[in-house]
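Next come the chains, spelled out residue by residue.
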Amino acid sequence: MLNLLRAYFVRREVLLFMYVCVDIDGTLVDMQSRLKAYLAERGHDFITEAVTMYNFKCDCGVARDSIMEAFSDIELYKGLELFDGVEPALKKLRGIVEARAYTGSFPVEGIVTERFRLCQSLGLNGAIYTGVKKPTDMKAVALFDDCLEVMEQWIEDGSEAMLYLIDAPYNRRKHSDRIVRCRDFATAVERFISDFECV
């Protein structure tokens, strides 16, 4: 029994010096529903179920240019809602390991500020990237994201992080066995905790 307790506290101490990366849109926040409402206010019929490509290069009822325009408008980022179960899952995750924001943004000052505020309100440290793509964080022990291409980039770059893909119609193609598909963020957190205990 004493050995089990020692192992538990050693594992806890190790986790306290590690961190995980957490994407925001499509992982914690229901951006698709917000985008649908935003576009509807402007007379567009955005079909969320038809989004089969992460970059919106698909027929979803709205021209891709209009969608990209929406992402550069600060109004889109007002009224974002978290997916069910995100807050308790984040609290549980932050109770055992540092969670860092790992999200992209259009390089518009007001939008970056809005994104930063959201991350702070969720208790996430980390960065908001405004480049073409988010860089691989080679020190993170895990990544929670809805973008399959990002995870594939991490693998290609040599990251050994545990990878948890939040399921969505646009990421359902075949992928590496290293990537663990999860129904939602709360499920992914439970899986991460379970996986870490098995290491």
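Q: Now, about the overall build of the protein: what can you tell me, with residues and values included?
A: Each helix and strand in the protein was counted, giving seven helices and six strands. Across the protein, helices and strands are ordered from the amino to the carboxyl terminus as α-β-α-α-α-β-α-β-β-α-β-β-α. Computed over C-alpha atoms, the radius of gyration of the protein comes to 18 Å, within 12% of the 16 Å expected from 2.2 N^0.38 for 199 residues, which places it in the range of a compact globule. In terms of overall dimensions, the protein has a C-alpha envelope of 65 × 35 × 30 Å along the principal axes. In the protein, 61% of the contacts between residues at least 6 apart in sequence involve partners at least 24 apart. In the form shown here, the protein has an accessible surface area of approximately 11000 Å², with 54% of it arising from carbon and sulfur atoms.

Q: Which residues make up the packing of aromatic side chains, and what values do they have?
A: The final tally for this structure, using the stated rule, is 11 aromatic pairs. Taken together, a centroid distance of 6.5 Å and an interplanar angle of 5° make the contact between F71 and F106 stacked. Of this pair, F71 sits in helix α3 (residues 64-71) while F106 is found in the loop between β2 (98-104) and α5 (109-121), placing the two residues 35 residues apart along the sequence. Take F106: its relative accessible area is 28%, and that puts it in the partly exposed class. With a centroid separation of 5.4 Å and an interplanar angle of 85°, the aromatic rings of Y102 and W154 are classed as edge-to-face. Here Y102 is found in strand β2, whereas its partner W154 is found in helix α6 (residues 148-156), with 52 residues between them in sequence.

Q: Any details on the pattern of salt bridges? Residues and values, ideally.
A: Considering all chains together, one arrives at 16 salt bridges under this definition. The residue E41 makes a salt bridge to R42 at a minimum N-O spacing of 3.2 Å. Residue R42 is classed as partly exposed on the basis of its relative accessible area, which comes to 38%. Of the charged contacts, one joins D145 and K134 as a salt bridge, the two residues approaching to 3.1 Å between their closest N and O atoms. Here the residue D145 occupies a position in strand β4 (residues 142-145), and K134 occupies one in the loop between β3 (125-129) and β4, the gap between them amounting to 11 residues. Since its relative accessible area comes to 0%, D145 is described here as buried. Through salt bridges with shared partners, a single ionic network connects D23, K134 and D145.

Q: I'd like to hear about the side chain of N171, residue by residue, with values.
A: Here N171 shows up in the loop between β5 (162-166) and β6 (179-182). Apart from residues no more than four positions distant in its own chain, N171 is found in contact with D146, L148, L165, I166 and R181.

Q: How would you explain helix α4 (residues 86-94) if you had to name every residue and give the values?
A: Of the residues making up α4, those classed as buried are V86, A89, L90 and L93. Projection of α4 onto a plane perpendicular to its axis shows the buried side chains occupying an angular sector of 100°, all on one side. Away from the buried face of α4 by more than 90 degrees, exposed residues E87, P88 and K91 are located.

Thresholds applied
- Residues numbered from 1 in each chain as written.
- Predicted model: local features only at pLDDT ≥ 70, side-chain atom pairs only at ≥ 80, totals over all residues.
- Heavy atoms only, no water.
- Helix = DSSP H or I, 4+ residues; strand = E, 2+ residues; numbered from the N terminus.
- Rg over C-alpha atoms; globule rule 2.2 N^0.38 Å.
- Contact = heavy atoms within 4.5 Å.
- Areas by Shrake-Rupley, 256 points an atom, 1.4 Å probe, with all protein chains shown as cover.
- Phe/Tyr/Trp six-rings, centres within 6.5 Å; stacked < 30°, edge-to-face > 60°.
- Buried < 20%, exposed > 50% of the residue type's maximum accessible area, 1.4 Å probe, protein only.
- Salt bridge = Lys/Arg side-chain N within 4 Å of Asp/Glu carboxyl O.
- Arc of directions from axis to C-beta.

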